[in-house]
Amino acid sequence: MRFPKLSRSLRQLSSHVLAIALGVMLTVSTLQVLPSQAEPAPPMTAGDTSKVIAVGQSPTTAAIGSTSFVTAAVNRVGTAVVRIDTERTITRRVDPSFEDPFFRRFFGDGFSQQMPSEQQLRGLGSGFILDKSGLVLTNAHVVDKADKVTVRLKDGRTFEGKVQGIDEVTDLAVVKINAGNDLPVAPLGSSNNVQVGDWAIAVGNPLGFDNTVTLGIVSTLKRSSAQVGISDKRLDFIQTDAAINPGNSGGPLLNGQGEVIGINTAIRPDAMGIGFAIPIDKAKAIAVQLQRDGKVAHPYLGVQMLTLTPDLAKENNTDPNSPIQIPEVNGVFVMRVVPNSPAASAGIRRGDVILQVDGKAITSAEQLQNFVEDSRLGQVLQVKVQRGNQTQQLSVRTAELQNAS
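If you're wondering where the values come from, they're calculated on a predicted model, not measured in any experiment.

**Regarding the sheet that holds strand 9 (residues 236–240)**
Right, so step 1: With respect to topology, 6 strands assemble into a closed barrel ordered 7-8-9-12-11-10, the strand pairing being antiparallel. Each strand of the sheet is rotated relative to its neighbour by a mean of 45 degrees, with strand direction disregarded.
Right, so step 2: In terms of strand pairing, strand 7 (residues 199–204) meets strand 8 (residues 212–224) through 6 bridges, oriented antiparallel. Looking at the pairing, A202 lines up with T214 of strand 8.

**So, the side chain of N264**
Right, so step 1: Its location among the elements puts N264 in strand 11 (residues 260–265).
Right, so step 2: Residue classification places N264 among the buried residues on the basis of a relative accessible area of 0%.
Right, so step 3: Here the side chain of N264 touches P252 through a polar contact of 3.1 Å, landing on its backbone oxygen.
Right, so step 4: Filtering out sequence-adjacent residues up to four positions away, N264 remains in contact with N139, A202, V203, I244, N248, S249, G250, G251, P252, L253, F276 and A277.

**Looking at the layout of surface pockets**
Right, so step 1: Approximately 450 Å³ is the volume found for the second largest pocket.
Right, so step 2: N192, K222, D236, P279 and K282 are, among the 17 residues lining the second largest pocket, the residues nearest its centre.
Right, so step 3: Looking at the lining of the second largest pocket, the elements with two or more residues in it are strand 8, strand 9, helix 8 (280–293) and helix 11 (365–373).
Right, so step 4: Its residues placed into classes, the lining of the second largest pocket shows 6 nonpolar, 4 polar and 7 charged.

**Quick notes on the sheet that holds strand 1 (residues 81–91)**
Right, so step 1: The antiparallel closed barrel is built from 6 strands, whose spatial order is 1-2-3-6-5-4. The average angle at which neighbouring strand axes cross in this sheet is 40 degrees, direction not considered.
Right, so step 2: Bridging between strand 1 and strand 4 (residues 148–152) involves 5 bridges; their strand directions are antiparallel. Within strand 4, the position partnered with R83 by the bridge is R152.

**Some details on the pattern of salt bridges**
Right, so step 1: Taken as a whole and judged by the stated rule, the model has 12 salt bridges.
Right, so step 2: With its nearest N and O atoms 3.1 Å apart, the salt bridge here joins D85 to R83.
Right, so step 3: Residue R83 is classed as buried on the basis of its relative accessible area of 17%.
Right, so step 4: Two residues, D293 and R292, come together in a salt bridge whose shortest N-O distance is 3.2 Å.

**So, the nonpolar core**
Right, so step 1: Judged by nonpolar contacts, the single largest core of 46 residues is most densely connected at I84, L137, V151, L172, I177, I201 and I263.
Right, so step 2: Setting aside anything within four residues of it in sequence, one finds L137 in contact with G127, F128, L130, L172, A173, V174, G250, I263, A283 and A287.
Right, so step 3: Formed by 18 residues, the second largest nonpolar core is a distinct cluster that contains V303, A343, L368 and L381.

What counts and how
- Residues numbered from 1 in each chain as written.
- Predicted model: local features only at pLDDT ≥ 70, side-chain atom pairs only at ≥ 80, totals over all residues.
- Heavy atoms only, no water.
- Pairing = 2+ DSSP bridges.
- Helix = DSSP H or I, 4+ residues; strand = E, 2+ residues; numbered from the N terminus.
- Axes fitted to C-alpha atoms, helices over the stretch in contact; angles between N-to-C directions.
- Buried < 20%, exposed > 50% of the residue type's maximum accessible area, 1.4 Å probe, protein only.
- Polar contact = N/O pair within 3.5 Å; in protein donor to acceptor, adjacent residues only side chain to side chain.
- Contact = heavy atoms within 4.5 Å.
- 1 Å grid on protein atoms, 1.4 Å probe; cavity = no way out; pocket = protein on both sides within 12 Å on 5 of 7 lines; lining within 4 Å.
- Points joined across faces, edges and corners; volume = space filled by probe spheres on them.
- Nonpolar A, V, L, I, M, F, W, Y, C, P; charged D, E, K, R; others polar.
- Salt bridge = Lys/Arg side-chain N within 4 Å of Asp/Glu carboxyl O.
- Core = buried A, V, L, I, M, F, W, Y, C linked by side-chain atoms within 4.5 Å.

See the structure below:
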């Protein structure tokens, strides 16, 4: 009775053995057909190891490396970045109605005397040390009209700062501290070498949080102050997506090597996700003048202007409610002439279109502004304008801009 069961068991065992043997034979034959897949990898050289991304390591981490370049950049400049605290006292006029007998009957004779006539305003910003003697570069709006300026170094030391010069037009200021002659100095780069897509590292004290670092890239270059919506400035900004907030103003914007390429400014409260920095090459030239003279002389013409294109002029001219017909050309449309300005003295009128300056075609308001900014005080500029269907050549002598507003 047990032999039939034993026979069946032997047959099943033979079937399993046969299947296993067949599988081994197929595997061996496959290896023989594809020998290259079975050969061991060649030994890796030291130069090849940098090309390998470790298991679980993201491409971003592999590109940056195990030691962050941001850390190296910040360490190179970090001790030269300072915090700037300001104090300003403003006097308030007491409302005359508080002296009215009817008012005093209810609140008493001494109520108006108890009301504060002075108020203390405090501000916060950033800056960085330019040289070992204690020159600090920051934004003009950080220290403008301040009664007291206090500069605090990263190591905790504080010094009273003396404002040596302010230029509202470029929003730059130089502050001097007396802290010996062995201060850390921020390494300056060149903004002319900056390209869109370069790393941008903002360092400062945003919102009162000291020694803060944010990382982004250079979004665009030569973003004019007019495009940013700051008509009283004459600047072409570096635009970045590195977070810049109030308190960052005056702090450095670094490249990947830890060199200062710009001065952060936070004068657009509605700018979300983008920030602006003053190019360091512009700041270098302004800082020298502020240190020497305490101010910077800016030439001006005295016109409010708008970039004009044929399409924009045509759109205006086809509007039946338009009060003026504009020449359909490329140029700069004069919206207003400031009274007693060089433009007014030269005979430039509202509605004129500026076509050329000193024989060079002018096609944008930014181009005209830069042309005037680069001229000398008292220089006579030959300005070609179109007025209606006629063109005229006018001589305009530049004068010094007295007030940024």
